[in-house]
Amino acid sequence: MSGIIDFANSIFKPLIDLGAPPLMLIVLTLLAICMRVKFSKALEGGIKLAIALTAMGSIIGILTGNFAPALQAFVKSTGIELSITDVGWAPLATITWGSVYTLYFLMIIVIVNIIMLVINQTDTLDVDIFNVWHLSIIGLIVMYYSDNNLLLATLLVILIGVLKIKNADLMKPTFNDLLNMPDTNPTTTTHLNFMLNPVIMIFDKIFDKIFPFLDKYDFDAAQLNRRIGFWGSKFAIGVYLGVFIGILGRQTPQIIFTLAFIGGMCLELFSFIGSWFIEAVEPLSQGITNFLSKKFAGRRFNIGIDWPFLASRAEMWAAANVLAPIMLVMALFLPGNKILPLGGIIAIGLTPALLVVTRGKMIRMIITGCFMLPIFLWSGTAIAGFVTTTAKAVGAFPAGLPAGTLITHATLEGPIEKFIAILVGQFGGNMTAGNTIAVVAALLVYVLLFVWYAKQMKKRNKAYAMEASEK
């Protein structure tokens with residue numbers, strides 16, 4: 001297998017040397033053409049992706065370059081070493097798509113999805129091509145710690161890929177309920193952030209058994225968002241961050257104002273430019289959908305897309321607004337954390353899963369979220385060395401940061417999977433008895449917890465079916 005990858009690298013190396021944007025322009029365009037997408041549409045998608053990668057790199061350079069001196073001054077003045085820079089999700093996507101292995105993992109997941117459809121192990125066709133980077137980064141972490149053991153990386157990617165496709169089937173009735181969608185609507189998602197559902201389900205069952213009375217005090221999230229208004233927007237949160245970091249770093253009033261305005265601009269642009277990534281891969285996603293629909297004519301599928309179709313639910317954003325300042329304070333005092341949340345301060349890697357499991361019960365979402373945030377901060381700290389090394393290898397390290405700075409994402413989706421990937425990688429690099437026991441135990445708990453969660457979701461789905469039959 002390594003020989004195949006070496007051969008592929010020898011072919012792709014001239015393209016890789018061009019940098020991530022030109023590479024992805026060429027690759028995405030060719031893949032779309034292979035799926036019989038019209039040339040102009042395929043080229044349009046490739047250009048959009050290249051522009052999105054370039055724009056995101058520029059915004060990150062502005063944010064990190066301006067915030068770095070204040071953060072360094074904060075470390076010197078307080079001794080609190082929050083020395084890892086949180087660059088948000090988009091730079092990590094850029095880094096991951098800059099690796100040729102991402103295309104390999106994409107091929108593996110497409111094959112796995114097709115096999116599951118053929119043997120009736122799923123009804124979900126995953127067309128969320130761009131977000132394969134979440135699985136790819138898991139595989140890359142394994143390879144980083146195991147001296148490029150591609151076999152172990154592939155096996156872990158397949159395991160998690162199968163479970164997240166299964167999860168898309170399990171969640172479909174809940175999506176119908178939350179969004180008032182008819183059963184004929186095919187929308188679901190295979191996004192990795194929902195692999196937190198099993199852990200969140202534990203907390204939800206604790207609420208059911210011990211604290212059900214708290215539901216009486218739940219509140220209207222839409223009303224809360226309306227009251228917060230601008231003060232809970234991305235602009236405002238970016239301004240708060242800039243002021244907060246400027247004060248922590250004992251900067252002058254002029255610099256504090258500058259950081260505030262830069263923070264507001266960058267957090268808003270993260271979201272805006274992030275939508276370009278989704279638009280860029282739409283031609284390829286549609287081409288794959290059309291191709292498979294012809295091969296499975298007459299069968300009704302769920303279509304796995306990105307998670308933002310849930311964005312209309314106000315609870316998700318209200319919870320994110322409440323959890324943002326909690327995470328900021330938590331980061332200062334959490335043992336083992338080295339990140340001051342910046343790009344990941346809006347915890348969209350967590351709140352969609354909270355929404356689905358609790359079905360929008362705000363008190364449950366916020367309390368459970370407080371217990372989940374440390375997992376994200378520890379995970380982001382743990383992978384910082386890998387992220388930094390990989391960013392430099394593919395030429396995606398933010399230009400405004402000192403060379404010795406570590407970078408990561410504070411609320412990167414799949415924090416538990418990142419820890420498992422580290423364990424698997426360490427096992428591949430050093431197959432001691434201790435590492436073997438750790439990997440087996442972690443994978444066993446991970447799979448058994450998912451099996452338990454699947455049973456709970458099937459019970460919920462039967463209740464939905466009974467309600468529908470009674471209408």
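I will try to describe carefully the structure that is included in this document. (Residues numbered from 1 in each chain as written. Predicted model: local features only at pLDDT ≥ 70, side-chain atom pairs only at ≥ 80, totals over all residues. Heavy atoms only, no water.)

### Quick word on the pattern of salt bridges
And then number 1: Inspection of the entire model under this criterion finds five salt bridges.
And then number 2: A salt bridge links Lys 164 to Asp 126; the nearest nitrogen and oxygen atoms lie 3.7 Å apart. Of this pair, Lys 164 sits in helix α7 (residues 150-179) while Asp 126 sits in strand β2 (residues 124-126), and the two are 38 residues apart along the sequence.
And then number 3: Measuring nitrogen to oxygen at the nearest pair gives 2.8 Å for the salt bridge that ties Asp 204 to Arg 364. Placement of Asp 204 in helix α8 (residues 197-209) and of Arg 364 in helix α15 (residues 362-382) is noted, with a sequence separation of 160 residues between them.
And then number 4: Here Asp 204 falls in the buried class, since its relative accessible area comes to 8%. (Salt bridge = Lys/Arg side-chain N within 4 Å of Asp/Glu carboxyl O. Helix = DSSP H or I, 4+ residues; strand = E, 2+ residues; numbered from the N terminus. Buried < 20%, exposed > 50% of the residue type's maximum accessible area, 1.4 Å probe, protein only.)

### Here's the deal with the packing of aromatic side chains
And then number 1: Counted under the stated rule, the structure contains nine aromatic pairs.
And then number 2: An angle of 55° between the planes, with centres 5.7 Å apart, marks the rings of Phe 450 and Tyr 453 as tilted. Placement of the pair is Phe 450 and Tyr 453 together in helix α18 (residues 433-470), with a separation of three residues, close to one helical turn. Assigned by exposure class, Phe 450 and Tyr 453 land together as buried.
And then number 3: Between the NZ or CZ atom of Lys 392 and the centre of the ring of Phe 397, over which it lies, the distance is 5.1 Å. (Phe/Tyr/Trp six-rings, centres within 6.5 Å; stacked < 30°, edge-to-face > 60°. Lys NZ or Arg CZ within 6 Å of the ring centre and 35° of its normal.)

### Thoughts on the packing of helix α5 (residues 101-118) against α7
And then number 1: Running from amino to carboxyl end, α5 crosses α7 at an angle of 45°, the nearest separation of the two axes being 10 Å. By the angle class used here, α5 and α7 are oblique. Where α5 crosses over α7, the two elements pack in a sense that is right-handed. Taken together, the residues of α7 that come into contact with α5 (itself represented by Tyr 101, Tyr 104, Phe 105, Ile 108, Ile 109, Val 112, Asn 113 and Met 116) are Leu 150, Ala 153, Thr 154, Val 157, Ile 158, Gly 161, Val 162, Ile 165 and Lys 166.
And then number 2: Split by residue class, the contact of α5 with α7 holds 13 nonpolar, three polar and one charged. (Axes fitted to C-alpha atoms, helices over the stretch in contact; angles between N-to-C directions. Parallel < 35°, antiparallel > 145°, perpendicular 65-115°, else oblique. Left-handed = near helix turned anticlockwise from the far one by under 90°. Contact = heavy atoms within 4.5 Å. Nonpolar A, V, L, I, M, F, W, Y, C, P; charged D, E, K, R; others polar.)

### What about the pairing of strand β4 (residues 302-305)?
And then number 1: In β4, alternate side chains face the same way, and those of Asn 302 and Gly 304 are buried while those of Ile 303 and Ile 305 on the opposite face are not.
And then number 2: As paired elements, β2 and β4 share three bridges and run parallel to each other. From the neighbouring strand, Asp 126 faces β4, where its bridge partner is Gly 304.
And then number 3: Where strand β3 (residues 187-189) lies against β4, three bridges are found, and the strand directions are parallel. Residue pairing across strands places Thr 187 opposite Ile 303, the latter belonging to β4. (Pairing = 2+ DSSP bridges.)

### Regarding unusual backbone geometry
And then number 1: The phi dihedral of Asp 147 is positive, around 60°, even though this residue is not glycine.
And then number 2: Topologically, Asp 147 is positioned in the loop between α6 (132-145) and α7.
And then number 3: With a phi close to 55°, Arg 359 is a non-glycine residue in the positive phi region.
And then number 4: For Arg 359, the position within the fold is in the loop between α14 (351-358) and α15.

### Description of the sheet that holds strand β6 (residues 406-408)
And then number 1: Taken in spatial order, the three strands of this open sheet run β5-β1-β6, and their pairing is parallel. Each edge of the open sheet is held by one strand with a lone partner, namely β5 (339-340) and β6.
And then number 2: Summarising the sheet, strand β1 (residues 84-86) and β6 pair through three bridges and their orientation is parallel. Within β6, the position partnered with Asp 86 by the bridge is Thr 408.
And then number 3: Here helix α16 (residues 384-393) sits on the sheet in contact with β1 and β6, set at roughly 105° to β6.

### Some thoughts on the packing of helix α17 (residues 415-429) against α18
And then number 1: At a closest axis distance of 9 Å, the pairing of α17 and α18 adopts a crossing angle of 150°. The angle between the axes of α17 and α18 places the two elements in the roughly antiparallel class. In terms of crossing hand, the pair formed by α17 and α18 is left-handed. The residues of α18 that touch α17, namely those facing Ile 416, Glu 417, Ile 420, Leu 423, Val 424, Gln 426 and Phe 427, are Asn 435, Thr 436, Ala 438, Val 439, Ala 442, Leu 443 and Tyr 446.
And then number 2: Residue classes in the contact of α17 with α18 are distributed as 10 nonpolar, three polar and one charged.

### Looking at α16
And then number 1: Along α16, the residues that are buried comprise Ala 384, Phe 386, Val 387, Thr 388, Thr 390 and Ala 391.
And then number 2: Those residues of α16 hidden inside the fold are in contact with β1, α4 (89-97), α6, α15 and β6.

### Observations concerning a nonpolar patch on the surface
And then number 1: Residues Leu 30, Ile 33, Phe 39, Leu 43, Ile 47 and Ile 51 make up a contiguous nonpolar surface patch of roughly 510 Å² in combined accessible area.
And then number 2: Taken together, the elements giving at least two residues each to the nonpolar patch come down to α2 (20-34) and α3 (39-78).
And then number 3: Residue contributions to the nonpolar patch peak at four residues, all from α3.
And then number 4: Checked against the element boundaries, Ile 47 lands in helix α3. (Patch = residues over 30% accessible without salt bridge, like charges linked within 9 Å, V, L, I, M, F, W, Y side chains within 5 Å. Areas by Shrake-Rupley, 256 points an atom, 1.4 Å probe, with all protein chains shown as cover.)

### So, the nonpolar core
Nonpolar side chains in soluble globular proteins tend to end up buried together.
And then number 1: Of all hydrophobic cores here, the largest spans 125 residues; its most connected members are Leu 310 and Leu 350.
And then number 2: In terms of residues, this core owes the most to one element, α7, which gives 13 residues.
And then number 3: Residue contacts for Leu 350: discarding those within four places in its chain leaves Leu 196, Ile 200, Leu 323, Gly 369, Met 372, Leu 373 and Phe 376.
And then number 4: Residues Leu 125, Val 127, Phe 296 and Phe 301 belong to the second largest nonpolar core, which totals five residues. (Core = buried A, V, L, I, M, F, W, Y, C linked by side-chain atoms within 4.5 Å.)

### Digging into the environment of Val 356
And then number 1: Locating Val 356 in the fold gives a position in helix α14.
And then number 2: Excluding residues that lie within four positions of it along the chain, Val 356 makes contacts with Met 171, Thr 174, Phe 175, Leu 178, Phe 194, Asn 197, Leu 310 and Arg 460.

### A short note on the sheet that holds β3
And then number 1: As summarised here, the arrangement of the three strands in space is β2-β4-β3, forming an open sheet in which the pairing is parallel. For this open sheet the edge positions go to β2 and β3, each flanked by a neighbour on one side alone. Each strand of the sheet is rotated relative to its neighbour by a mean of 40°, with strand direction disregarded.
And then number 2: The sheet strands contacting α7 are β2, β3 and β4, and the helix crosses β3 at an angle near 135°.

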